[in-house]
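# Architecture at a glance
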Amino acid sequence: MKKIYIIVLAVLGLGAVSCVDLSPEVYTDVRKEDYFQTTAQFSTLIANAYSQLAGEYGYVYREGFWSLQEYTTDEVFVPTRGTDWYDAGVPLAMNQHTWGSDTRDINNGWSFAYGGVTKCNTVIDNIHSIAGEDESAYTDVQMAGLAETKVLRAFYHLLAMDVYGNVHVDDGNHVDENGKVKQLQRKEVFEWIESELKNNLDLMEDKVRYGSMTRPVAYMILAKLYLNAEVYTGTARWEEAEAYCDSIIAGKYYGLNDDYFDAFKTNNTGNKEIIFPIVFDGVYANGNMFHVISQHYAMRDVFGFTTDCWNGPCTLPAFYNSYADNDVRKNQWFAGPVYNTKTDWETIVYNRDSWTGDIVEWDHADSHFQVIIDPNVTTAEDPTGANSCEGARFVKFEFENGIAHHADSDFPIYRYADVLLMKAEARMRMAGGTVDEVTLGLVNQVHTRAGLDPYTASDITYDELLAERGRELAWEGHRRDDLIRFGKFGDAWEFKSASDKNHELFPIPDWVRDAAPGVYTQNPGY
């Protein structure tokens, strides 16, 4: 288990009413102005702003931001199994694009993104308190720390702008004459994010510092921003997207692992393919719960988890079947019999009504059935729970025996394989769909790593590139953006009818508009 130790500086106040010596006891002679002189000192100051990404309600929260990016796509499906996972109809509403402006996950997504912004602003206030308001007098370390915080704040704004569109910028400058925040057009928010990133690039550390915003991570955010620029602003910026991918590649900051699954090991901290992770720990930094939410109830006993599995999200048959059988990435999905390792690898037998959590309880009546996960999904809702074993389950992250709700594996928000595919897409877009040798080589670095024969240039169409991105980056939080960019987000797929273009943005939550009357105009269609 990884251990994360965060030093917290606190000012302690003591009060007393008796006749005692009130002279302060001096524990340290470090003055405020002597603090924040090293990167290590600054890391304790900014830690809380990064902590927004972790936690059960963070970036990969099943009822928050991750739901917006994944439940709404063709690679995640959350059927109702008996009474489990109905959740007032929210998962199906997300799957089927029938959400509204008071839908739980949409409310939580806003709170997550702007909660991160608020924490960054607190860090900036603390920097000014320690180092002064005159930033021109800052040391290189102080300027780098301030730049890191501003880039992290821009990243949180990007998440908000990506899903809600016309949002506000919370930097203290974008307010009206009464000090109230102003809703900006998506293009204006894009331009502010772009300027924040570019203005701080040269001030940032030009190195990899795992889990932190340094210059190569800012390059990646800019590359993503420009990759989706046509969606955000109406103007394509493919050349800039490729240029920032080139900055990452030429800098040799990261590399492609030989083994696809190395980036998802229990101890994946510092993995060379991970550009920017959420640093998780099963005890000290919670939030990675994929082993709990996706696996069948019986899987608890297979891995000796100390908590129940929830038998929730799976993938759809069409997505599962998009992998060739010899594609090693297909192994990020589990289908087939769930074996009882305690009884000579017999298949576990399941009865939801009588199960108490003891593996012995799985094997005693004719009414029970074997737990064999079927990648086919026959229904979105089954009140009998007979669909208990339907849908291939997500097993990309290595499972550690004996863990509880939270796993140790870090979650890669950005990965080097994505850089190669992004550069390839940008080149292909600029060439009108033509695939040259450079583009072909980029895609094949990723494709052949999966154990597959190389593509030929004629194999790679826009549809095939989208499919390859899906197979490579499944459940990593990119699918919604990809489907929108490729014009597929509104398509019909299994258990979902076609949806209109308005659904490419989520509504501004009712509670946000109610709390700031007259500030926000609702997005079209809501």
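About the thresholds
- Residues numbered from 1 in each chain as written.
- Predicted model: local features only at pLDDT ≥ 70, side-chain atom pairs only at ≥ 80, totals over all residues.
- Heavy atoms only, no water.
- Helix = DSSP H or I, 4+ residues; strand = E, 2+ residues; numbered from the N terminus.
- Buried < 20%, exposed > 50% of the residue type's maximum accessible area, 1.4 Å probe, protein only.
- Contact = heavy atoms within 4.5 Å.
- Areas by Shrake-Rupley, 256 points an atom, 1.4 Å probe, with all protein chains shown as cover.
- Salt bridge = Lys/Arg side-chain N within 4 Å of Asp/Glu carboxyl O.
- Core = buried A, V, L, I, M, F, W, Y, C linked by side-chain atoms within 4.5 Å.
- Pairing = 2+ DSSP bridges.
- Expected span 1.5 Å × (residues − 1).
- Axes fitted to C-alpha atoms, helices over the stretch in contact; angles between N-to-C directions.
- Parallel < 35°, antiparallel > 145°, perpendicular 65-115°, else oblique.
- Nonpolar A, V, L, I, M, F, W, Y, C, P; charged D, E, K, R; others polar.
- Polar contact = N/O pair within 3.5 Å; in protein donor to acceptor, adjacent residues only side chain to side chain.
- Left-handed = near helix turned anticlockwise from the far one by under 90°.
- Phe/Tyr/Trp six-rings, centres within 6.5 Å; stacked < 30°, edge-to-face > 60°.
- Lys NZ or Arg CZ within 6 Å of the ring centre and 35° of its normal.
- pLDDT = per-residue confidence, 0-100.

## A few points about the overall build of the chain
Each helix and strand in the chain was counted, giving 17 helices and twelve strands. Taken over 526 residues, the chain has a buried fraction of 57%. In the chain, the proportion of contacts linking residues at least 24 apart, taken out of those at least 6 apart, comes to 69%. Surface exposure of the chain reaches about 21900 Å², of which carbon and sulfur atoms provide 50%.

## Remarks on the pattern of salt bridges
This structure, assessed with the given rule, holds 40 salt bridges. Measuring nitrogen to oxygen at the nearest pair gives 2.8 Å for the salt bridge that ties Asp418 to Lys224. Linking Asp418 in helix 13 (residues 416–430) with Lys224 in helix 7 (residues 215–227), this pair joins segments that are 194 residues apart in sequence. The exposure classification of Asp418 matches that of Lys224, with both residues buried. Salt-bridge contacts for Asp308 lead to Arg300; the nearest nitrogen and oxygen are separated by 3.2 Å. Here Arg300 falls in the buried class, since its relative accessible area comes to 15%. If you follow the salt bridges from partner to partner, you end up with Glu273, Asp327, Arg329, Lys396, Arg415, Arg449, Glu464, Glu468, Arg471, Glu472 and Glu476 in one network.

## Overview of the nonpolar core
Counting 136 residues, the largest nonpolar core has Tyr59, Phe155 and Met213 as its most contacted members. Residue contributions to this core peak at 14 residues, all from helix 5 (residues 140–164). Those residues in contact with Phe155 that lie beyond four places of it in its chain are Leu53, Met213, Ile221, Phe276, Ile413 and Tyr414. In this structure, Met299, Val338, Val371 and Ala407 belong to the second largest nonpolar core, which totals eleven residues.

## Observations concerning the pairing of strand 12 (residues 411–415)
The buried count for strand 12 comes to five of five residues, which makes it a mostly enclosed element. Here strand 2 (residues 274–278) pairs with strand 12 via four bridges, running antiparallel. Across the sheet, Ile278 pairs through a bridge with Phe411, a residue of strand 12.

## Here's the deal with helix 5
Along its 25 residues, helix 5 runs 36 Å from first to last C-alpha, staying within 8% of the 36 Å computed at 1.5 Å per residue. Across the 25 residues of helix 5, 23 count as buried, placing the element largely inside the fold. Where helix 5 terminates, the next one or two residues include Gly165, which has phi positive at roughly 80°.

## Concerning the packing of helix 13 against helix 15 (residues 462–473)
Geometry of a packed helix pair, given as the angle between the helix axes and the separation of the axes. The interhelical angle for the contact between helix 13 and helix 15, taken along N-to-C directions, is 170°, at an axis separation of 11 Å. Between helix 13 and helix 15, the crossing angle belongs to the class labelled roughly antiparallel. Contacts between helix 13 and helix 15 pair Ala417, Asp418, Leu421, Met422, Glu425, Met428 and Arg429 from the former with Tyr462, Leu465, Arg469, Glu472 and Leu473 from the latter. Grouping the amino acids of the contact of helix 13 with helix 15 by side-chain chemistry returns seven nonpolar, no polar and five charged.

## Here's the deal with the environment of Gln41
Counting through the fold element by element, Gln41 comes out in helix 1 (residues 39–51). For the pair Gln41 and Val141, spaced 100 residues apart in sequence, the C-alpha separation works out to 9.9 Å. One polar contact links the side chain of Gln41 to the main-chain amide nitrogen of Phe36, over a distance of 3.0 Å.

## Concerning unusual backbone geometry
Look at Lys252: it is not a glycine, yet its phi comes out positive at around 55°. Here Lys252 is to be found in the loop between helix 9 (238–251) and strand 2.

## Examining helix 6 (residues 186–200)
Compared with the 21 Å implied by 1.5 Å per residue over 15 residues, the 21 Å span of helix 6 between its first and last C-alpha is a close match. Three or more residues of helix 6 are buried, namely Arg186, Val189, Phe190, Trp192, Ile193, Glu194, Glu196, Leu197 and Asn200. Contacts made by the buried residues of helix 6 are with helix 5, helix 7 and helix 8 (229–233).

## Side note on the packing of helix 1 against helix 4 (residues 104–131)
Between helix 1 and helix 4, the least distance of the axes is 8 Å, while the angle of their chain directions is 160°. Relative to helix 4, helix 1 is oriented roughly antiparallel. In terms of crossing hand, the pair formed by helix 1 and helix 4 is right-handed. The residues of helix 4 that touch helix 1, namely those facing Phe42, Leu45, Ile46, Asn48, Ala49 and Ser51, are Lys119, Cys120, Val123, Asn126, Ile127 and Ile130. Its residues placed into classes, the contact of helix 1 with helix 4 shows eight nonpolar, three polar and one charged.

## A closer look at the packing of aromatic side chains
Across all of its chains, the model carries 42 aromatic pairs by this definition. Between Tyr50 and Phe276 the ring centres are 6.5 Å apart and the planes differ by 50°, which places this aromatic pair in the tilted class. Of this pair, Tyr50 sits in helix 1 while Phe276 sits in strand 2; the two residues are 226 residues apart in sequence, bridging distant segments of the chain. Note on accessibility: Tyr50 and Phe276 belong to one class, buried. Between Arg429 and the ring centre of Tyr462, over which it is positioned, the NZ or CZ distance is 4.8 Å. Positioned over the ring face of Phe486 is Arg429, at 4.5 Å from the centre of the ring.

## As for the side chain of Lys396
Along the polypeptide, Lys396 turns up in the loop between strand 11 (393–394) and strand 12. A distance of 3.1 Å separates polar atoms of two side chains, one belonging to Lys396 and the other to Gln332. At 2.8 Å, the side chain of Lys396 forms a polar contact with the backbone oxygen of Ala474. What Lys396 contacts, discounting residues up to four positions off in sequence, is Tyr260, Phe261, Phe264, Gln332, Glu472, Leu473, Ala474 and Glu476.

## A short note on the environment of Val443
Relative to the assigned elements, Val443 resides in helix 14 (residues 437–449). Residues contacting Val443, with those up to four places away along its chain left out, are Leu421, Ala424, Tyr455, Ile460 and Leu465.

## Quick word on the confidence of the model for the chain
In regions of low pLDDT, the predicted coordinates are not meant to be interpreted in detail. Considering every residue of the chain, the mean pLDDT works out to 90; 88% of them sit at 70 or more. Within the model, pLDDT remains below 50 along residues 1–22, and this stretch shows 21 contacts once partners closer than five positions in the same chain are excluded. Confidence over residues 354–367 falls short of pLDDT 50; this stretch has 29 contacts with residues more than four positions distant or in other chains.

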